[in-house]
Amino acid sequence: MAQLQRIAISQNQLQDNRIVLAKEQHHYLARVLRLSDGDKFIAIDGMGKWWLVKLQAEFGEVLEALEVNTELKASISLLLALPKGNGFDDVVRVCTELGVDRIVPIISERTLLNPSSQKLDRWRRIAAEAAEQSERAFVPTIYESVTFNQGLSLFEAEHKYICEGRGDYPHLIECWRRVQVSSSHIRVVVAVGPEGGWSTRELEVAVDEGFEVVSLGKRILRAVTAPVVALSILAAELECS
Ligand code: SAM
């Protein structure tokens, strides 16, 4: 199926066995890609469902539901103190490719920015595009920004880690390898700090909330690199265990 074009649709576009294509989707399929009636493409709803579809005038006729098996066997939520500039765009894109489930921008003590609503829309678009490109079944949810304390208690999870570059903390991989990954879907939360790092108080509060403080190695990573490293470790461990 890899060679077929994928089109993201919203739930209300699927009516009975037909997909009502938006004007720009039809234009893209028929004019840009030059698909003709009868040519196939894939429609994805970003919520776990894919369909093989045949173009038929301005509609898509559903031929069959497809099985997608590209999701991690754990739900990973990232709490990310906002880095400066447009660094968050890259974090959203790459972490979506790596399999993240939810991303929450966090306003921490040393966060420099409070994001605008346009930024949030932009991140959601980036997540949708990256999910489509990386053949994810689900589009990760990008939350509105919350304070550090709100973020810590936002999700129920079996495993919660807060990354800290200084101090003698166990490596994330060591902590993870103590986890028995059962067949049931486990939930993990990972928190990464801003350029200025976490304050001592924030680390203490996180520990009180059940977070384990972990290292990602001996070098200090940029705020945009650390989440990618954490996600890569967890994704590789989950897929190879
Ligand atoms: N200004 C901080 C300092 O000098 O310690 C560095 C902050 S770092 C640029 C941004 C965030 O990335 C940190 O708060 C931490 O969450 C994460 N981070 C960076 N390097 C790390 C490492 N080696 N281990 C764990 N977390 C790391």
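Rules of the game
Residues numbered from 1 in each chain as written. Predicted model: local features only at pLDDT ≥ 70, side-chain atom pairs only at ≥ 80, totals over all residues. Heavy atoms only, no water. Helix = DSSP H or I, 4+ residues; strand = E, 2+ residues; numbered from the N terminus. Buried < 20%, exposed > 50% of the residue type's maximum accessible area, 1.4 Å probe, protein only. Contact = heavy atoms within 4.5 Å. Areas by Shrake-Rupley, 256 points an atom, 1.4 Å probe, with all protein chains shown as cover. Lys, Arg positive; Asp, Glu negative; His and termini not counted. Charge placed at Lys NZ, Arg CZ, Asp CG, Glu CD. Pairing = 2+ DSSP bridges. Axes fitted to C-alpha atoms, helices over the stretch in contact; angles between N-to-C directions. Domains from an automatic or database assignment. Buried area = accessible area lost by both parts, 1.4 Å probe. Salt bridge = Lys/Arg side-chain N within 4 Å of Asp/Glu carboxyl O. Polar contact = N/O pair within 3.5 Å; in protein donor to acceptor, adjacent residues only side chain to side chain. Near = heavy atom within 4 Å. Nonpolar A, V, L, I, M, F, W, Y, C, P; charged D, E, K, R; others polar. Parallel < 35°, antiparallel > 145°, perpendicular 65-115°, else oblique. Left-handed = near helix turned anticlockwise from the far one by under 90°. Patch = residues over 30% accessible without salt bridge, like charges linked within 9 Å, V, L, I, M, F, W, Y side chains within 5 Å.

(A) Local environment of the overall build of the protein. Along the backbone of the protein there are 7 helices and 13 strands. Along the first, second and third principal axes, the C-alpha atoms of the protein reach 60 × 40 × 30 Å. Looking at the 241 residues of the protein, the share that counts as buried comes to 45%. Considering only residue pairs separated by 6 or more positions, the protein has 72% of its internal contacts joining residues 24 or more positions apart. By element, 47% of the accessible surface of the protein is carried by carbon and sulfur atoms, the whole surface being about 12,800 Å². A distance of 4 Å separates the average location of the 27 positive side-chain charges in the protein from that of its 33 negative side-chain charges.

(B) Focus on the sheet that holds strand β2 (residues 14–15). One open sheet holds the 6 strands; their spatial order is β1-β4-β5-β6-β3-β2, and the pairing between them is mixed. Whereas interior strands pair on both sides, the edge strands pair on one side only; in this sheet they are β1 (6–8) and β2. Packed onto the sheet, helix α1 (residues 23–32) meets β1, β4 (40–44) and β5 (50–56) and runs at close to 170° relative to β1.

(C) Inspection of the domain arrangement of the protein at higher detail. Taken domain by domain, the protein holds domain 1 (6–66) and domain 2 (74–240). With centres defined by C-alpha atoms, the gap from domain 1 to domain 2 works out at 33 Å. The interface is formed by 9 residues belonging to domain 1 together with 7 residues belonging to domain 2. The largest share of the area that domain 1 buries against domain 2 comes from R6, G46 and W50, three residues that together contribute 66% of it. Seen at the junction of domain 1 and domain 2, the total is 1 salt bridge. R6 serves as the salt-bridge partner of E135, at 3.0 Å between the closest nitrogen and oxygen. Connecting domain 1 to domain 2 are 6 residue pairs in polar contact (both at pLDDT 80 or more).

(D) Structural context of the site of the ligand. The full set close to the ligand counts 20 residues, and C163, R166, E195, L216 and R219 are the nearest of them. At 2.6 Å, a side-chain N or O of R166 approaches an oxygen atom of the ligand. Contact distances for the ligand include 2.8 Å between a nitrogen atom and a backbone N or O atom of E195. For the ligand, whose unbound accessible area comes to 580 Å², protein coverage reaches 88%. Class assignment for the residues of the shell around the ligand results in 10 nonpolar, 6 polar and 4 charged.

(E) Spotlight on the packing of helix α2 (residues 87–98) against helix α3 (residues 117–133). Look at α2 against α3: their axes get within 8 Å of each other, and the N-to-C directions meet at 30°. On the basis of their axis angle, the class for α2 and α3 is roughly parallel. Of the two elements, α2 crosses α3, and the hand of that crossing is right-handed. Facing F88, D89, V92, R93, T96 and E97 of α2, the residues of α3 in contact are R122, W123, I126, A127, A130, A131 and Q133. Residues belonging to the contact of α2 with α3 are distributed by class as follows: 7 nonpolar, 2 polar and 4 charged.

(F) Examining the packing of α2 against helix α7 (residues 226–240) more closely. Axis separation between α2 and α7 bottoms out at 10 Å; the angle between their running directions is 5°. By the criterion of interaxial angle, the relationship of α2 to α7 is roughly parallel. In this structure, α2 contributes V91, V94, C95 and L98 to the contact, and α7 contributes P227, V228, L231, S232 and A235. Here the contact of α2 with α7 is composed, by residue class, of 8 nonpolar, 1 polar and no charged.

(G) Seen up close, the pairing of β5. Across the 7 residues that make up β5, a large majority, 5, are buried. Linking β4 to β5, which pair antiparallel, is a turn of 5 residues; within it G46 sits at a positive phi near 70°. As paired strands, β5 and strand β6 (residues 59–66) are joined by 7 bridges and run antiparallel to one another. Paired with L55 across the strands is G60, a residue of β6. In this structure, the hairpin formed by β5 and β6 is closed by a connection of 2 residues, where A57 is found at a positive phi of approximately 55°.

(H) Main features of a nonpolar patch on the surface. Side chains of Y28, V32 and L33 sit close together on the surface and give an oily, nonpolar patch of about 230 Å² of accessible area. Of note, L33 is situated in the loop between α1 and β4.

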